[in-house]
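So you can see what is in the structure, the chains are spelled out below.
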2 protein chains.
Amino acid sequence: MAAGARSGRRPGTSDTRDQILSAAREEFARAGYDAATVRAVAASAGVDTALVHYYFGTKEKLFLAVMDAPFDPRQYVDSVLQGPRDRIAERLLRTALDLWDSPAGTAAVAVLRSSMAHDRSAALLREFLLKRALQPIAESMEPDPELARWRANLVATQLMGLASMRYLLAIEPLASASHERIIDMIAPNLQRYLTGDLCR
Amino acid sequence: MAAGARSGRRPGTSDTRDQILSAAREEFARAGYDAATVRAVAASAGVDTALVHYYFGTKEKLFLAVMDAPFDPRQYVDSVLQGPRDRIAERLLRTALDLWDSPAGTAAVAVLRSSMAHDRSAALLREFLLKRALQPIAESMEPDPELARWRANLVATQLMGLASMRYLLAIEPLASASHERIIDMIAPNLQRYLTGDLCR
């Protein structure tokens with residue numbers, strides 16, 4: 001297949017690419033990100049594994065394509081993790097708000113909207129949000145794996161609640177507020193979820 | 001019309017009722033709860049105002065019918081407000097979780113799901129959630145009207161984020177956790193939004 005690509009011959013048609021995407025969507029939703037395999041996606045699409053790699057590269061990139069993700073969360077995770085521990089919530093919140101209010105963010109909000117309405121998209125968003133973004137951050141803050149999962153879940157409730165209230169329901173004054181105002185209000189709560197004492 | 005009702009004759013048909021509901025849905029979504037009038041709903045449905053009252057009673061009850069609400073939030077608001085101020089978040093959270101995990105809650109979660117996906121439903125949920133439930137609570141806690149609106153907004157981000165992560169995305173461990181565990185984790189954050197210092 002790669003040889004075909006290099007010689008300029010297109011292996012398969014754009015229908016094939018769509019078939020792979022559709023099979024991948026099913027597989028990620030069914031098995032979750034960790035258990036999903038490129039092999040299973042290829043088998044379900046009726047193509048060779050190499051063709052999946054040809055079109056999409058790695059499993060991670062295939063996942064981003066399925067999510068129609070306009071960005072790779074990993075680069076943001078790294079920059080959020082750089083800096084003082086007691087201000088990680090502020091960095092996470094600033095990064096999220098910058099992203100959501102960017103042109104790419106409009107696409108992300110559309111993904112959020114449809115994910116709420118459809119079970120399959122919900123499964124994909126769950127994988128994306130937790131496995132690719134929030135769990136790596138929580139695990140850097142919290143050595144206990146079970147507590148790290150809780151921290152990631154709690155951060156998800158606050159961040160997704162903020163996104164859906166600011167962009168989907170557009171409640172005021174939140175929808176029109178500046179990033180700094182929102183950070184003032186919400187960062188202390190997010191900081192408790194990431195590094196604070198969780199038991200009363 | 002009322003005379004007709006008492007004599008057992010039905011004024012209009014069930015089509016009329018549906019027409020009124022549909023006009024009301026438009027009107028509440030367009031004008032918001034406060035500015036919407038029964039008169040405008042009646043005009044838009046092409047019926048007499050008295051017929052709207054005959055079918056639905058007050059504007060508030062019409063709104064609950066439009067939301068297909070299985071409960072009236074006002075009774076819950078009153079019970080949340082009764083008790084010590086420094087435990088209001090715990091009572092609000094316990095009330096919300098009990099409600100969401102009840103049979104009526106299943107319907108409420110369905111409303112939440114569709115509200116995220118459709119602008120018109122989003123406008124209705126916004127009115128319902130803030131005007132009927134969270135703003136009355138925030139106003140009881142906070143004398144400054146602008147800050148009370150912020151408190152209600154912040155509580156909305158946390159509560160709706162919790163509902164969507166627990167029920168729509170069903171992330172774990174949150175989706176399977178007991179109410180008490182969730183209250184331990186989230187009540188302190190919600191309490192800050194309701195009665196704490198919001199500026200860093």
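Please read these numbers as outputs of a predicted model, since none were measured by experiment.

**Details of the pattern of salt bridges**
Step number 1: Scanning all chains against the criterion turns up 16 salt bridges over all chains.
Step number 2: One salt bridge in this structure joins Glu90(B) and Arg87(B), with 2.9 Å as the shortest N-O distance.
Step number 3: Each of the salt bridges in this network shares a partner with another, and the network as a whole consists of Arg87(A), Glu90(A), Arg94(A) and Glu180(A).

**Structural notes on the UniProt feature "DNA-binding region" (unreviewed entry) in chain A**
Step number 1: Residues annotated in UniProt with the feature "DNA-binding region" (unreviewed entry) correspond here to residues 37-56 of chain A.
Step number 2: Along residues 37-56 of chain A one finds 80% helix and 0% strand; the C-alpha atoms at either end are 13 Å apart.

**Brief notes about the environment of Glu127(A)**
Residue and element names in this part refer to chain A.
Step number 1: Within the secondary structure, Glu 127 sits in helix H9 (residues 119-141).
Step number 2: Between the alpha carbons of Glu 127 and Asp 34 there is a distance of 8.6 Å; along the sequence they are 93 residues apart.
Step number 3: Residue contacts for Glu 127: discarding those within four places in its chain leaves Gly 32, Tyr 33, Asp 34, Phe 63 and Arg 132.

**Notes on the nonpolar core**
Step number 1: Among the nonpolar cores identified, the biggest contains 142 residues, and Ile20(A), Leu159(A), Ile20(B) and Leu159(B) are the most heavily contacted of them.
Step number 2: Setting aside its immediate chain neighbours within four residues, Ile20(A) contacts Val41(A), Ala45(A), Val47(A), Leu51(A), Val52(A), Tyr55(A), Phe56(A) and Leu62(A).

**Description of unusual backbone geometry**
All names here are of chain A.
Step number 1: Cis geometry marks the peptide bond from Glu 172 to Pro 173; its omega dihedral reads 10°.
Step number 2: Inspection of the secondary structure puts Pro 173 in the loop between helix H10 (145-168) and helix H11 (179-195).
Step number 3: Even without glycine at this site, Ala 170 takes up a positive phi of about 50°.

**Side note on the side chain of Gln158(B)**
Step number 1: Here Gln158(B) lies in helix H10 (residues 145-168).
Step number 2: Take Gln158(B): its relative accessible area is 0%, and that puts it in the buried class.
Step number 3: Among the polar contacts listed, one links the side chain of Gln158(B) to the side chain of Thr157(A), at a separation of 3.1 Å.
Step number 4: When near neighbours in sequence (up to four residues on either side) are disregarded, Gln158(B) contacts Thr157(A), Gln158(A), Tyr193(A), Ile186(B), Asn189(B), Leu190(B) and Tyr193(B).

**Comments concerning the interface of chain B and chain A**
Step number 1: Contacts between the two partners involve 46 residues from chain B, matched on the other side by 46 residues from chain A.
Step number 2: Carbon and sulfur atoms make up 60% of the area that chain B and chain A hide from each other, which totals about 4,300 Å².
Step number 3: Our count for the chain B to chain A interface comes out at zero salt bridges.
Step number 4: Remark: the boundary between chain B and chain A carries 19 residue pairs in polar contact (both at pLDDT 80 or more).
Step number 5: Taken together, the elements giving at least two residues each to the side of chain B that touches chain A come down to helix H8 (103-117), helix H9 (119-141), H10 and helix H11 (179-195) of chain B.
Step number 6: The dominant element in the side of chain B that touches chain A, judged by the number of residues it contributes, is H10(B), at 14 residues.
Step number 7: Looking at side-chain class alone, the side of chain B that touches chain A contains 27 nonpolar, eight polar and 11 charged residues.

Thresholds applied
- In every chain, residue numbers begin from 1 and rise along the written sequence.
- For naming, the first written chain is A and the first written ligand is 1, with later ones following in the order written.
- Given that the model is predicted, a residue must reach a pLDDT of at least 70 before its local features are reported, and side-chain atom pairs must reach 80 or more before they are shown or counted; all residues, however, enter totals for whole chains, interfaces and linings.
- Calculation of side-chain values draws on the structure's entire complement of heavy atoms; hydrogens and water are dropped beforehand.
- A pairing counts as a salt bridge when a side-chain nitrogen of Lys or Arg comes within 4 Å of a carboxyl oxygen of Asp or Glu.
- UniProt positions are given in the numbering used here, feature names are shortened, and annotations may be inferred rather than shown by experiment.
- Numbering of helices and strands starts at the N terminus; helices are DSSP runs of H or I of at least 4 residues and strands are runs of E of at least 2.
- By definition in these notes, contact holds between two residues if any of their heavy atoms fall within 4.5 Å.
- What makes a nonpolar core is a set of buried Ala, Val, Leu, Ile, Met, Phe, Trp, Tyr and Cys residues whose side-chain atoms join them at distances within 4.5 Å.
- Only protein chains enter the accessibility calculation, which uses a 1.4 Å probe; a residue is then buried when its area is under 20% of its type maximum, exposed when over 50%, and partly exposed in between.
- Here a polar contact means two N or O atoms within 3.5 Å. Within protein one must be a hydrogen donor candidate and the other an acceptor candidate, and residues neighboring in sequence count only if both atoms are side-chain atoms.
- What gets called buried area is simply the loss in accessible area from a 1.4 Å probe that two parts show on being joined, summed for both.
- Polar here means any residue other than Ala, Val, Leu, Ile, Met, Phe, Trp, Tyr, Cys and Pro, which are nonpolar, and Asp, Glu, Lys and Arg, which are charged; Gly is therefore polar.

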